[in-house]
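Overview (structure and organization)
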Amino acid sequence: MAQLEPSIYLIGFMGSGKSTVAAVLGLLLQRPVVDLDMLIVTRSRRSIATLFRDQGEAHFRQLETEALRSLSAATACIVATGGGIVGSAENWRLMRENGVIVYLQARWETLQPRLQRSDERPLANPEQGWDAAYLLLQQRLPLYAQADFTVVTDGLTPTQVAEQIVQQLQPDKGRSWNR
Ligand code: S3P
């Protein structure tokens, strides 16, 4: 069944604030919010770190695509994706088919201190140093740039970012809910 309103998918590197902004956006737009990583953790009853360690990244990516697909038929919602969602053509197809894709852009100088405060991300673990995570960001930049639109988030609060998204989505901004 066709949806009346598309979902809003927030993409961006780890630490770009997708989950926090999704929560604020959900309140502003009165829409359900789904955090894809949390959905995977709830369904598999394993932490992301445990999934990576015991079953490997490829398995995690399968679960990620399955979780995304399972949302496609659901009510339009705000989806906070994981930073690696952009690595699969099927993920792009699912997101484009069902909604608007918004890139939360942030500079490495903004991201890195946030990543430093968390040890829950297998691909940005403070103990491994930062070269690999920095390189991953550089590799993904051209992918994130394929979003429908970008919000530059450096220096903004989550509420300011959410408000910018709402503004951008207004038809008089030259954008429509349906591409
Ligand atoms: C990942 C980002 C994480 C999580 C997993 C892999 C990535 O989500 O999905 O650790 O490949 O960038 P966040 O972007 O919410 O940290």
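See the structure above.
Below, the structure is looked at part by part. Since we're looking at a predicted model, the values are computed, not measured. (Residues numbered from 1 in each chain as written. Predicted model: local features only at pLDDT ≥ 70, side-chain atom pairs only at ≥ 80, totals over all residues. Heavy atoms only, no water.)

1. Looking at helix α4 (residues 89-98)
Considered for burial, the residues of α4 that qualify are N91, W92, L94, M95 and N98. Along the axis of α4, the buried residues cluster in a sector spanning 165 degrees; they form a single face. Away from its buried face by more than 90 degrees, α4 exposes A89 and E97. Taken together, the buried residues of α4 touch β1 (7-11), α3 (48-72), β4 (99-105) and α6 (131-144). Where α4 begins, the side chain of S88 points an oxygen toward the backbone nitrogen of E90, at a separation of 3.2 Å. (Buried < 20%, exposed > 50% of the residue type's maximum accessible area, 1.4 Å probe, protein only. Helix = DSSP H or I, 4+ residues; strand = E, 2+ residues; numbered from the N terminus. Arc of directions from axis to C-beta. Contact = heavy atoms within 4.5 Å. Polar contact = N/O pair within 3.5 Å; in protein donor to acceptor, adjacent residues only side chain to side chain.)

2. Here's the deal with the side chain of R140
Structurally, R140 can be placed in helix α6. For the buried R140, no salt bridge exists, and the shortest N-O distance to an oppositely charged side chain is 5.2 Å, to E57. The contacts of R140, once residues within four sequence positions are left out, are F13, R61, G83, G84, V86 and L123. (Lys, Arg positive; Asp, Glu negative; His and termini not counted. Salt bridge = Lys/Arg side-chain N within 4 Å of Asp/Glu carboxyl O.)

3. What to know about the sheet that holds β1
As summarised here, the arrangement of the five strands in space is β2-β3-β1-β4-β5, forming an open sheet in which the pairing is parallel. Of all the strands in the sheet, the pair left with one neighbour each is β2 (33-35) and β5 (149-152). With direction set aside, neighbouring strand axes in the sheet form an average angle of 25 degrees. Note: β4 against β5, four bridges, orientation parallel. Each bridged residue has a counterpart across the sheet, and for V102 the counterpart in β5 is F149. On top of the sheet, helix α7 (residues 158-169) reaches β1, β4 and β5; it is set at about 150 degrees to β5, its chief contact. (Pairing = 2+ DSSP bridges. Axes fitted to C-alpha atoms, helices over the stretch in contact; angles between N-to-C directions.)

4. Focus: the site of the ligand
Taken together, 13 residues lie around the ligand, and K18, D37, R61, R121 and R140 are the ones closest in. K18 is positioned such that a nitrogen or oxygen atom in its side chain is 2.7 Å from an oxygen atom of the ligand. G83 is positioned such that a nitrogen or oxygen atom in its backbone is 2.8 Å from an oxygen atom of the ligand. In isolation the ligand exposes 380 Å². Once the protein is present, 94% of that is buried. A molecule is said to occupy a pocket when more than half its atoms come within 2 Å of that pocket's grid points, and by this definition the ligand occupies the largest pocket. Tallying contributions element by element places α3 first for the shell around the ligand, with three residues. Taken together, the residues of the shell around the ligand sort by class into five nonpolar, three polar and five charged. (Near = heavy atom within 4 Å. Areas by Shrake-Rupley, 256 points an atom, 1.4 Å probe, with all protein chains shown as cover. 1 Å grid on protein atoms, 1.4 Å probe; cavity = no way out; pocket = protein on both sides within 12 Å on 5 of 7 lines; lining within 4 Å. Sits in = over half its atoms within 2 Å of the grid points. Nonpolar A, V, L, I, M, F, W, Y, C, P; charged D, E, K, R; others polar.)

5. Things to note about the packing of helix α2 (residues 36-44) against α3
α3 packs onto α2 with a crossing angle of 110 degrees between their chain directions and a minimal axis gap of 9 Å. If you check the angle between α2 and α3, you find them roughly perpendicular. Of the two possible hands of crossing, α2 and α3 adopt the one that is right-handed. Packed against α2, whose contacting residues are L36, D37, L39, I40, V41, R43 and S44, the element α3 presents I48, L51, F60, L63, E64, A67, L68, S70 and L71 at the interface. (Parallel < 35°, antiparallel > 145°, perpendicular 65-115°, else oblique. Left-handed = near helix turned anticlockwise from the far one by under 90°.)

6. Some thoughts on the nonpolar core
Among the nonpolar cores identified, the biggest contains 36 residues, and I11, F13, L36 and M95 are the most heavily contacted of them. Secondary-structure elements contributing two or more residues to this core are β1, α2, α3, α4, β4, α5 (108-116) and α6. Take this core: its biggest share by element is eight residues, from α3. Those residues in contact with M95 that sit more than four places away from it in its chain are Y9, I11, L68, T81, I85 and I101. Counting 17 residues, the second largest nonpolar core, distinct from the first, contains I8, L10, V21 and L104. (Core = buried A, V, L, I, M, F, W, Y, C linked by side-chain atoms within 4.5 Å.)

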